[in-house]
Amino acid sequence: MNQISSESAQTLGAQSLQDRIRLALEDDLRSGRLQPGMAINEQALCARFTTSRTPVREALLLLAAKGMVSIRPRAGIYVRHLDARELVAMMEGLAELEGVLARLAAHRINVGQKERLARALEQTARCAESGDSVGYERANVLLHDVIYEASGNAFIVEQTRQVRLRIAPYRGKLFETAKRLAGSHAEHEAVVKAILLGDSEAAAEAMRDHISAGGRVFADMILRSPPPAAYSPNHRRKRTGKDESGL
C-alpha cells in the first residue's frame, strides 16, 4: 500500500510540474515574451524549472496539441507561426464565441458586475485618450473578463480563452497605434451599452463587430510582416546550451 501511495504521489508531482511548466509557457505567450517563429530551447527550460527533460517535453507536447508550438524532428521546437488564413479563421470563430458570451451577459449580468464593467470601460477610455497601449491591453482583458463572468457559461468561456491563447503572441502590436486604441474603445462602448441595457441581440452584434475589426487589423499585420527565419542546423549547433527561446 505504501509503495502504491508513493508511486501515486510521484505521478501527481510529475503532472503538477508539467502543468506548471505549461502554464508558465502559456503566460510567456500571452505576454509576448515568446514570439511567433521563436525557437524554444529544452535545456534552458530544464534549467529554468530545475527539472529533467521529461516534464518539459510533456508540457511542450501539450502545447503542440493545442497548436501553440511546432515540434520539428531534427530541427527544433518553435512557437507556432500562423498564416493569414489560419488567423482569419480563428478570428471568425472568436467573434461568434464572444458574441454568444455578450448575449448571455446581457441577460445575466448582476448589479456588481455592471459596476465593474462600467469601471473597466472608464479605464479603457483613459488609456485610449493618453495613448497608453500597455494599460489599454490590461483594461481590455479586464473588460472581457467581466463579460465572461457575467455570461455564466464556463464551457464557452474556456473555448474562448483557448482561441485567445492561440492568437496571444500576435496581440503585442495590436494596440500600438492611437487610431486602433480609439476604435477599440468606441467598439467597447457599444458592447457595454447594449449589455447594461439588457439588449442581448445588440450586445452580440456589437461584440462580433468588435472582434471582427480586431481580426482585420491582425490579418493586415501578418500580411505585412516577414515570415519566420528559416531554421539553420549549423546556427543551432553554435548556440547549444544557450537559451534560444528568450525566456
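What counts and what doesn't
Each chain carries its own residue numbering, running from 1 in the direction its sequence is written. In view of the model being predicted, local features appear only for residues whose pLDDT reaches at least 70, and side-chain atom pairs are presented and counted only at 80 or more, with totals across whole chains, interfaces and linings using the full set of residues. The side-chain quantities take in all heavy atoms of the structure and omit both hydrogens and water. Helix and strand assignments follow DSSP, with helices taken as H or I runs no shorter than four residues and strands as E runs no shorter than two, numbered in order from the N terminus. Each residue is assigned to one of three classes by its accessible area relative to the maximum for its type, calculated with a 1.4 Å probe on protein chains only: buried under 20%, partly exposed between the two thresholds, exposed over 50%. Both site types are read off a 1 Å grid over the protein atoms alone. A 1.4 Å probe that fits but cannot get out defines a cavity, while an open set with protein on both sides within 12 Å along at least five of seven lines defines a pocket; lining residues have an atom within 4 Å of a point. Grid points are joined across faces, edges and corners, and a volume is the space filled by probe spheres set on the points. For this classification, Asp, Glu, Lys and Arg are treated as charged, while Ala, Val, Leu, Ile, Met, Phe, Trp, Tyr, Cys and Pro are nonpolar and the rest, including Gly, are polar. A pair of strands is treated as paired once DSSP finds two or more bridges between them. Whether two residues are in contact is decided by their heavy atoms, any of which lying within 4.5 Å being enough. Every axis corresponds to a line fitted to the C-alpha atoms, with the helix fit spanning only the stretch in contact, and the corresponding angles, defined between N-to-C directions, vary from 0 to 180 degrees. For a helix, the expected span equals 1.5 Å multiplied by the residue count minus one. As used in this structure description, the phrase polar contact means that two N or O atoms lie within 3.5 Å; if the pair is within protein, one of them must be able to donate a hydrogen and the other to accept it, and residues adjacent in sequence are counted only when both atoms belong to side chains. Scored between 0 and 100, pLDDT is the confidence that the predictor attaches to each residue. The nonpolar core is taken to be a set of buried Ala, Val, Leu, Ile, Met, Phe, Trp, Tyr and Cys residues, with the residues joined through side-chain atoms within 4.5 Å. Salt bridge, as used here, is a side-chain nitrogen of Lys or Arg placed within 4 Å of a carboxyl oxygen of Asp or Glu.

The subject of this paragraph is the overall build of the protein. For the protein, the count of helices and strands is ten helices and three strands. Ordered by position from N to C terminus, the α and β elements of the protein give α-β-α-α-β-β-α-α-α-α-α-α-α. Counting all 247 residues of the protein, 44% fall into the buried class.

In this section: empty space enclosed by the protein. Using a probe with the size of a water molecule, rolled over the atoms, empty space left in the structure can be pinpointed. Under the definition given, this model contains two cavities of 30 Å³ or more. Of the volumes computed, that of the second largest cavity is approximately 30 Å³. Taken together, G67, M68, R80, L82, R166, P169 and Y170 make up the full set of residues lining the second largest cavity. Of the residues that constitute the lining of the second largest cavity, the class distribution is four nonpolar, one polar and two charged.

Across the sheet, which stays open at both edges, the three strands sit in the order β1-β3-β2 with antiparallel pairing between neighbours. Since the sheet does not close on itself, it has two edges, and those belong to β1 (39–40) and β2 (69–72), each with one partner. Along the sheet, helix α3 (residues 53–65) makes contact with β1, β2 and β3 (76–79), crossing β2 at roughly 115°.

On to helix α7 (residues 154–167). Between the first and last C-alpha of α7 there are 20 Å, a value that for 14 residues agrees with the 20 Å anticipated at 1.5 Å per step. Along α7, the residues that are buried comprise I156, V157, T160, V163, R164, L165, R166 and I167. Where α7 begins, one side-chain oxygen reaches toward the backbone nitrogen of F155, 3.3 Å away; that side chain belongs to N153.

All right, on to helix α6 (residues 133–151) then. Between the first and last C-alpha of α6 there are 27 Å, a value that for 19 residues agrees with the 27 Å anticipated at 1.5 Å per step. Turning to α6, its buried residues number three or more, namely G135, Y136, A139, N140, L143, H144, V146, I147, Y148, A150 and S151. Two or three places before V134, at the start of α6, stands the capping residue D132, its side-chain oxygen 3.4 Å from that residue's backbone nitrogen. Once α6 finishes, G152 follows within two positions and takes phi at roughly 70°, a positive value.

This brings us to the confidence of the model for the protein. Here the protein averages 81 in pLDDT, and 77% of its residues register 70 or above. At the low end of the mean pLDDT range in the protein sits helix α10 (residues 233–238), at 39; at the high end sits helix α5 (residues 111–130), at 95. Across residues 1–14, where pLDDT falls below 50, the model places zero contacts with residues more than four positions away in sequence or in other chains. In the model, residues 228–247 has pLDDT below 50 throughout and makes 33 contacts with residues more than four positions away in sequence or in other chains.

It is worth spelling out the nonpolar core at this point. Of all hydrophobic cores here, the largest spans 28 residues; its most connected members are L117, L143, I147 and I195. Taken together, the elements giving at least two residues each to this core come down to α4 (84–108), α5, α6, α7, α8 (178–197) and α9 (200–224). In this structure I195 touches A102, A105, A106, I109, L117, I147 and A203, once residues within four positions along its chain are discounted. If you look at the next biggest cluster of nonpolar residues, it comprises 19 residues, including L17, L34, I40 and F49.

So, about the environment of V146. Among the secondary structure elements, V146 is positioned in helix α6. Classification of V146 by relative accessible area gives buried; the value is 1%. Considering only alpha carbons, one finds V146 and I109, 37 residues apart in sequence, at a separation of 9.2 Å. Not counting chain neighbours up to four residues away, the residues in contact with V146 comprise Q113, R116 and L117.

With that settled, the discussion passes to the environment of H144. Note that H144 resides in helix α6. Since its relative accessible area comes to 2%, H144 is described here as buried. A sequence separation of 24 residues divides H144 from A120, and the C-alpha atoms of the two residues are 9.0 Å apart. Every residue in contact with H144, bar those within four places of it in the chain, is listed here: E98, R164, H188, M207, H210 and I211.

If you walk through the whole model with that rule in mind, you get 14 salt bridges. The salt bridge partner of R30 is E26, with a shortest N-O separation of 3.8 Å. Here E26 and R30 lie together in helix α1 (residues 2–31), a separation of four residues that amounts to about one turn. Since its relative accessible area comes to 4%, E26 is described here as buried. E42 is paired through a salt bridge with R57; the nearest N and O atoms lie 2.6 Å apart. Linking E42 in helix α2 (residues 42–49) with R57 in helix α3, this pair joins segments that are 15 residues apart in sequence. One continuous salt-bridge network, built from bridges that share partners, spans D19, R22, E26, R30 and K66.

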